[in-house]
Amino acid sequence: MKIPKRLKPLVDALMIEEIVGQLQSGKEAEVYIVRAEGHLCCAKVYKEAQNRSFKQKTQYTEGRKVRGSRRARAMESSSRYGRQEREAEWQNTEVDALYLLAAAGVRVPKPLGYYEGVLLLEMITDANGQPAPRLNDVQLTADEARSYHAVLVREAVKMLCAGLVHGDLSEFNVLVAQDGLVIIDLPQAIQATANNAFGLFERDLVQLAAYFGQYAPDVLETKYAKEIWKIFENGKLKPDTKLTGLFEESGRKADVKAVLDEIEDAREEEMIKRGFRKKPE
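Residues numbered from 1 in each chain as written. Predicted model: local features only at pLDDT ≥ 70, side-chain atom pairs only at ≥ 80, totals over all residues. Heavy atoms only, no water.

A.B. asks: So what about the packing of helix α5 (residues 142-161) against helix α7 (residues 224-233)? Which residues, and what values?
C.D. replies: For any two helices packed against each other, one specifies the crossing angle of their axes together with the interaxial distance. Relative to each other, α5 and α7 sit at 25 degrees, their axes nearing to 11 Å. Regarding the angle of α5 to α7, the classification is roughly parallel. Between α5 and α7 lies a crossing whose hand is right-handed. In this structure, α5 uses His 149, Val 153, Val 157 and Leu 160 to contact α7, whose residues at the interface are Tyr 224, Ile 228, Trp 229 and Phe 232. Of the residues belonging to the contact of α5 with α7, the class tally is 7 nonpolar, 1 polar and no charged. (Axes fitted to C-alpha atoms, helices over the stretch in contact; angles between N-to-C directions. Helix = DSSP H or I, 4+ residues; strand = E, 2+ residues; numbered from the N terminus. Parallel < 35°, antiparallel > 145°, perpendicular 65-115°, else oblique. Left-handed = near helix turned anticlockwise from the far one by under 90°. Contact = heavy atoms within 4.5 Å. Nonpolar A, V, L, I, M, F, W, Y, C, P; charged D, E, K, R; others polar.)

A.B. asks: Which residues make up the sheet that holds strand β5 (residues 118-122), and what values do they have?
C.D. replies: Taken together, the 5 strands give an open sheet; going across it, the order is β1-β2-β3-β5-β4, and neighbouring strands pair in antiparallel fashion. Two strands bound the open sheet, and with one partner strand each, they are β1 (18-25) and β4 (111-115). In this sheet, adjacent strand axes meet at a mean angle of 25 degrees when their direction is disregarded. One ladder, built from 5 bridges, connects strand β3 (residues 39-46) with β5; its direction is antiparallel. Bridge pairing in β5 links Cys 42 to Leu 121. (Pairing = 2+ DSSP bridges.)

A.B. asks: Describe in detail the side chain of Glu 94, supporting the description with residues and values.
C.D. replies: Note on placement: Glu 94 falls in helix α4 (residues 80-103). When its relative accessible area of 2% is taken as the criterion, Glu 94 is described as buried. Side-chain polar atoms of Glu 94 contact the side chain of Lys 44, separated by 2.9 Å. Not counting residues within four places of it along the chain, the set of residues in contact with Glu 94 comprises Lys 44, Tyr 46, Leu 119, Asp 185, Leu 186 and Pro 187. (Buried < 20%, exposed > 50% of the residue type's maximum accessible area, 1.4 Å probe, protein only. Polar contact = N/O pair within 3.5 Å; in protein donor to acceptor, adjacent residues only side chain to side chain.)

A.B. asks: How would you explain the nonpolar core if you had to name every residue and give the values?
C.D. replies: In this structure, Leu 135, Leu 140, Leu 152, Leu 186 and Phe 212 are the most contacted members of the largest nonpolar core, which totals 35 residues. Listed by contribution, the elements that provide at least two residues to this core are β2 (29-36), β3, α4, β5, α5, β7 (174-177), β8 (180-183) and α6 (197-212). By size, the runner-up hydrophobic cluster in this structure holds 19 residues, among which are Val 153, Leu 200, Tyr 224 and Ala 225. (Core = buried A, V, L, I, M, F, W, Y, C linked by side-chain atoms within 4.5 Å.)

As structure tokens, then:
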């Protein structure tokens, strides 16, 4: 195929030997299957801000640490340099998160390199050696749903122990590989110390429960987010901490409907992007 403009610098630098084809076009990036050092891998090409449907919302950026006061000031401005710095920080968030989480034992694609706004990643495959499907594209039994839910809750715990919250964890950002589930798409990851970290963590886990609850309704009764966060705040959370999925609520009633409405809006946007729904006029 014709070499995409954004991949040409990597081809010229001999980092990519062959471009096999495009794997997908998402809300924040396009992904290509390429050959590097004799092996098939993925090249994630980040879209420029004006071409992304997923915006850098304050809820994702406010908890990020920026290296250098000059960069921090620039990112707050609307100057060209400021926009460039915001873009670099947005892309570097995923690169840094992947290296950090891989080292912490979280199931994420292995990062292979980053150059000129292109992230080279391990290609995740299914049992037939083909690109692994997203969780959303796989039919599950009730037992599989319960098992997968338990796995992803544990992965969320590992991420939290490593100091990060995914921020957009759903059936669209999990691959079903030949050897288990793999979490992808982390440019919106946020520090666990951010003021709104619990809100995003809770939404991640409620979102997962809502999906798996379609196959196993008992999953909807779990309250892992609050249980996990309480242990985390007490400084006792470990990757293998025993969990029950139970939590005794305080007198204040949680606004579950608001959380579910936000989840449904995000799912609807994803379905429109994938062509399963038409965008409202």
